Amino acid sequence: MDMLPKADALLVVRTDFSDQERWQAVRDSLGDIDRDGWAKEFSGQVKVVENPAYQGLTWQRLLALLPDGYKDPILIVADKVTIDSQEMPFLVIELECTWEMRVIPSEIPGIHANLSIANMDFGEFAESADADGVFRGFRG
């Protein structure tokens, strides 16, 4: 199995290839992405990885495929749940403690920014996830 690509960026890995039209909507939820998979308007750089070799891989297997020197505090997975759900909740994996949580697309930039500057920790977001385990933002 190929290692994930080396990139000085947050990786978003697609693991479900069942519905190309739906994938396009999921991909669009991340903002403007160029043909090489780079998100232009995201907090920091984001690299979308669309390799069918990663079809169906678990997040645990994906972690084993991270390249040496991957610096981001999280890995994002677009799996079957992401594709099938109307809300498109990505699976977000925090790498230090290997915590996982589902996150709607609009909340990913804020989580990424706060973790990247150590302003907040993953647990603060996880504690605010709804009963179904999806983080949809902080409720006032």
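Residues numbered from 1 in each chain as written. Predicted model: local features only at pLDDT ≥ 70, side-chain atom pairs only at ≥ 80, totals over all residues. Heavy atoms only, no water.

Another aspect to go through is the overall build of the chain. When helices and strands are counted, the chain shows five helices and seven strands. What you see in the chain, going N to C, is helices and strands ordered as β-α-β-β-α-β-α-β-β-α-α-β. In summary, the chain has a C-alpha radius of gyration of 14 Å against a globular reference of 14 Å for 140 residues, a match within 12%. Overall size of the chain, expressed as C-alpha extent along the three principal axes, is 40 × 35 × 30 Å. In the chain, buried positions account for 46% of the 140 residues. In the chain, of all internal contacts separated by at least 6 residues, the share reaching a separation of at least 24 is 57%. For the chain, the accessible surface area stands at approximately 7,200 Å², while carbon and sulfur atoms represent 47% of it. Averaged over its 13 positive side-chain charges, the chain has a centre that lies 6 Å from the centre of its 25 negative ones. (Helix = DSSP H or I, 4+ residues; strand = E, 2+ residues; numbered from the N terminus. Rg over C-alpha atoms; globule rule 2.2 N^0.38 Å. Buried < 20%, exposed > 50% of the residue type's maximum accessible area, 1.4 Å probe, protein only. Contact = heavy atoms within 4.5 Å. Areas by Shrake-Rupley, 256 points an atom, 1.4 Å probe, with all protein chains shown as cover. Lys, Arg positive; Asp, Glu negative; His and termini not counted. Charge placed at Lys NZ, Arg CZ, Asp CG, Glu CD.)

With that out of the way, let us pick up the packing of aromatic side chains. Overall, the coordinates contain four aromatic pairs when judged by the stated rule. Measuring from centroid to centroid gives 6.2 Å for Trp99 and Phe122, while their planes differ by 45 degrees, and the two rings are tilted. Placement of the pair is Trp99 in strand β6 (residues 99-103) and Phe122 in helix α5 (residues 122-126), with a sequence separation of 23 residues. Classification of Phe122 as buried rests on a relative accessible area of 3%. Taking 5.5 Å as the distance between ring centres and 40 degrees as the angle between the ring planes, the aromatic pair formed by Phe125 and Phe138 counts as tilted. In this pair, Phe125 sits in helix α5 while Phe138 sits in the segment after β7 (134-135), placing the two residues 13 residues apart along the sequence. For Phe138, a relative accessible area of 46% corresponds to the partly exposed category. Cluster of aromatic residues (ring-pair linked, three or more members): Phe125, Phe135 and Phe138. (Phe/Tyr/Trp six-rings, centres within 6.5 Å; stacked < 30°, edge-to-face > 60°.)

Turning next to unusual backbone geometry. Not every positive phi belongs to a glycine, and Thr98 is a case in point at roughly 50 degrees. Take Thr98: it is sitting in the loop between β5 (90-94) and β6. What makes Thr98 partly exposed here is its relative accessible area of 37%. You will see that Ala118, though not glycine, has its phi angle at about 60 degrees, which is positive. Relative to the assigned elements, Ala118 resides in the loop between α4 (108-116) and α5.

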